[in-house]
Amino acid sequence: MRSAKEKRPAGQKQYYRRKKVCKFCVERIDSINYKDVKLLSQFVPERAKIMPRRISGVCSPHQRLLNDAIKKARNIALLPFTTE
Amino acid sequence: MRNYEIMFIVNPNATEEEIDKINAQIESIITSGGGKIEKIEKMGKRRLAYEVDKQREGYYVLFAIVANGDIIKECERRLRVMDAVIKYITVRTDEEVRRLEKIRSYRQKRAARRGSGAGTKPGPSAEEAMQ
């Protein structure tokens, strides 16, 4: 999939953007549960912020469910609000 | 009556008996109010993601119940009062369960249609492209 080093005419910027796909759609993950820390932590980078859709590529219905789940998990100290 | 999950964190210094006592109390509130307990799960000690009541660890307990608002209210009041319980959360689950069932039945229907129908292209690629 990584053909980033394709030859292009000089002067043109070399951009290769991989097509982003929603992890939940592709892997058919239906339930996004607040107890599933392993799954949720993939979408919470170091600063403990929720990863934006433009980076993770998650589709909007799933991002909504993911947001809810992460916020619930934060409430019960399964995930951090911030890093100290 | 609705499905709920009550999850709470007990102080890690509490003994096993104390935890059992708390569980029994919550259980009695639910059953005496006419609710039903589907599952009690002691998830054990876990590191907390942030400090709660000067604790970095906690003993997680999960209740899956069928109850109404009054029972939940009483449970939450009792959990608030208990010193050993440092945090709790109540989550309604029936909507989520219904949503999952809907997805499942939809998938089954689709699979059946593809199986009985033309069935010339049983590859998953076509379906994935549609999503």
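Quick note: structure is the one above.
Please read all numbers here as calculations on a predicted model, not as lab measurements. (Residues numbered from 1 in each chain as written. Chains lettered and ligands numbered in written order. Predicted model: local features only at pLDDT ≥ 70, side-chain atom pairs only at ≥ 80, totals over all residues.)

**Concerning the nonpolar core**
- In this structure, A:Ala73, B:Ile6, B:Phe8, B:Ile9 and B:Val85 are the most contacted members of the largest nonpolar core, which totals 37 residues.
- Secondary-structure elements contributing two or more residues to this core are helix H4 (60-75) of chain A together with strand S1 (2-10), helix H1 (16-32), strand S2 (36-52), strand S3 (55-67), helix H2 (69-81) and strand S4 (85-92) of chain B.
- Excluding its chain neighbours within four sequence positions, the residues that come into contact with B:Phe8 are B:Val61, B:Leu79, B:Val85, B:Lys87 and B:Tyr88. (Core = buried A, V, L, I, M, F, W, Y, C linked by C-beta atoms within 7 Å. Buried ≥ 20, exposed ≤ 12 C-beta atoms within 10 Å, placed from the backbone. Helix = DSSP H or I, 4+ residues; strand = E, 2+ residues; numbered from the N terminus. Contact = placed C-beta atoms within 7 Å.)

**So, unusual backbone geometry**
- Positioned with a positive phi, A:Ala48 is a non-glycine residue whose angle comes to about 70°.
- Mapped onto the elements, A:Ala48 comes out in the loop between helix H2 (37-40) and helix H3 (53-56).
- Taking the number of C-beta atoms within 10 Å as the measure of exposure, A:Ala48 has 16 and is therefore partly exposed.
- With a phi angle near 55°, B:Asp53 is a residue other than glycine that sits in the positive phi range.
- For B:Asp53, the position within the fold is in the loop between S2 and S3.
- A count of 12 C-beta atoms within 10 Å places B:Asp53 in the exposed class.

**Some remarks on the packing of H1(B) against H2(B)**
Residue and element names in this part refer to chain B.
- The geometry of H1 relative to H2 is characterised by a closest axis approach of 9 Å and an angle of 160° between their N-to-C directions. Looking at the two axes, H1 sits roughly antiparallel to H2. Classified by chirality, the crossing of H2 by H1 is right-handed. Mapping the contact onto sequence places Gln25, Ile26, Ile29 and Ile30 in H1 and Ile71, Glu74, Cys75 and Arg78 in H2.
- Residues of the contact of H1 with H2, tallied by class, amount to 5 nonpolar, 1 polar and 2 charged. (Axes fitted to C-alpha atoms, helices over the stretch in contact; angles between N-to-C directions. Parallel < 35°, antiparallel > 145°, perpendicular 65-115°, else oblique. Left-handed = near helix turned anticlockwise from the far one by under 90°. Nonpolar A, V, L, I, M, F, W, Y, C, P; charged D, E, K, R; others polar.)

**Describing the interface of chain A and chain B**
- Listed as interface residues are 12 residues of chain A and, on the opposing side, 14 residues of chain B.
- Residues of the side of chain A that touches chain B, tallied by class, amount to 8 nonpolar, 2 polar and 2 charged.

**Things to note about the sheet that holds S4(B)**
Residues and elements named next belong to chain B.
- The strand order S2-S3-S1-S4 describes an open sheet built from 4 strands, whose pairing is antiparallel. Only two strands of the sheet have a single partner each, and these edge strands are S2 and S4. Averaged over all neighbouring strand pairs, the angle between strand axes comes to 20°, with direction disregarded.
- Sheet topology places S1 next to S4; 7 bridges connect them, and they run antiparallel. Opposite Ile6, over in S4, you have Thr90 as the bridge partner.
- Running over the sheet, H2 touches S1, S3 and S4 and is turned about 165° from S4. (Pairing = 2+ DSSP bridges.)

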